[in-house]
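Understanding the architecture of this molecule
What follows is the residue order along each chain.
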Amino acid sequence: MPCSRTYIGDAYTYTFTDQLAHHRGLAGITDSGELYNVLTDDVEVPTLSELHRQLVGEGSHRRLVYSMKFGACQDAMVNFLDGYDAHLVIIEKLPNGVFADPFELQHFVERKVFLDVAVFGDTNLELPSALSNRSAIEIHLDLRPSTSTNCNLVVDLPLHARYPPLDVSGYATFEFGSPDLFLRYRKKETHSDSCLWVLKNLEAAPAEKAAWRIPCGDEAHIGFVSSITFLLALVCSISIVLATLIF
């Protein structure tokens, strides 16, 4: 992956509708004039041994929490990071009724919680889930903090719920699929004229399913709610007109 590509998500072809569309392999994405080489160095690359994920919080604003542990730990990790610039990359594909605020995520970058972050797909925060498309988030993380916590890494991703469509049950349920995790690294002495990132798919085991039950309106109550709303709006309008005429 050339350094001109900031995000791995640029090498994916997604159609963020109700169905996830065609997906191309990373090796098949090439730019004219760019040459891809294969890294043949015998290097011990950190591997992911455990991945846990859960949705925490209440209401329409929650956090998706990742807990990760690396197998090649302590000295092996330190030696690897001494010779390589390395980032952990998480790509989370969100269900249709959930979104991430790009402006909020940028504050995490400014506070050095994330190295970088990008949101792909539908970033219109005002649309209800019935009118919105899917989105995906790419997070770049520094691996160094994990070396001081027994190679454990915890990541919090703030998420928000869109207004779901009406449902007789009173709830809409949105499920999260397993995230994609990559290790993105290159030698520290890499020269600018041969700048190349190597991508390693960490091939994490499927994470625990996370489901978000979001309260929604009951279609049977439309008539009653619409009538009360109309009457209140009418009373308020008349009150404003009368107040204007009297005073």
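Residues numbered from 1 in each chain as written. Predicted model: local features only at pLDDT ≥ 70, side-chain atom pairs only at ≥ 80, totals over all residues. Heavy atoms only, no water.

The next thing to look at is the overall build of the protein chain. The helix and strand inventory of the protein chain stands at 4 helices and 11 strands. Across the protein chain, the fraction of contacts at a sequence separation of at least 24, relative to all contacts at a separation of at least 6, is 75%. Here the protein chain displays about 14200 Å² of accessible surface, and carbon together with sulfur accounts for 55% of that area. (Helix = DSSP H or I, 4+ residues; strand = E, 2+ residues; numbered from the N terminus. Contact = heavy atoms within 4.5 Å. Areas by Shrake-Rupley, 256 points an atom, 1.4 Å probe, with all protein chains shown as cover.)

Enumeration over the complete set of coordinates arrives at 5 aromatic pairs. Measuring from centroid to centroid gives 6.1 Å for Y7 and F120, while their planes differ by 80 degrees, and the two rings are edge-to-face. Taken together, the residues span a long stretch of sequence, with Y7 in the segment before β1 (48-56) and F120 in strand β5 (residues 116-121) at a distance of 113 residues. With respect to class, Y7 is no different from F120; both count as buried. On the basis of an interplanar angle of 80 degrees and a centroid distance of 5.6 Å, the ring pair of Y84 and Y185 is categorised as edge-to-face. Of this pair, Y84 sits in strand β3 (residues 84-94) while Y185 sits in strand β9 (residues 180-187), and the two are 101 residues apart along the sequence. (Phe/Tyr/Trp six-rings, centres within 6.5 Å; stacked < 30°, edge-to-face > 60°. Buried < 20%, exposed > 50% of the residue type's maximum accessible area, 1.4 Å probe, protein only.)

Okay, the sheet that holds strand β4 (residues 98-99) next. With antiparallel pairing, 4 strands are arranged side by side in an open sheet as β1-β2-β7-β4. Each edge of the sheet is formed by a strand with only one pairing partner; in this case those strands are β1 and β4. Relative to strand β7 (residues 152-161), strand β2 (residues 61-70) runs antiparallel, the two sharing 9 bridges. Within β7, the residue paired with H61 across the bridge is H160. (Pairing = 2+ DSSP bridges.)

What follows concerns helix α2 (residues 102-110). Listing the buried residues of α2 in full gives L105, F108 and V109. Taken around the axis of α2, the buried residues stretch over an arc of 100 degrees, which confines them to a single face. Residues of α2 that are exposed and angled more than 90 degrees away from the buried face: F103 and E110. Buried residues in α2 make contact with β5, β6 (135-142) and β7. The backbone nitrogen of F103 has a side-chain oxygen 3.0 Å away, supplied by the residue at the start of α2, namely D101. Once α2 finishes, K112 follows within two positions and takes phi at roughly 70 degrees, a positive value. (Arc of directions from axis to C-beta. Polar contact = N/O pair within 3.5 Å; in protein donor to acceptor, adjacent residues only side chain to side chain.)

The topology assignment puts D101 in the loop between β4 and α2. Of note is the side chain of D101, whose polar atom sits 3.0 Å from the backbone nitrogen of F103. Not counting the four nearest positions on each side in its chain, D101 is found in contact with L125 and H160.

Let us now look at unusual backbone geometry. For K112, which is not glycine, the phi torsion reads 70 degrees and is therefore positive. Along the polypeptide, K112 turns up in the loop between α2 and β5. Residue K112 is classed as exposed on the basis of its relative accessible area of 71%.

To continue, consider the pairing of strand β8 (residues 171-176). With burial as the criterion, only one face of β8 is covered, namely that bearing A172, F174 and F176; the residues Y171, T173 and E175 on the opposite face remain uncovered. In this structure, β8 lies alongside strand β11 (residues 210-215), joined through 6 bridges in antiparallel fashion. Within β11, the residue paired with A172 across the bridge is I214.

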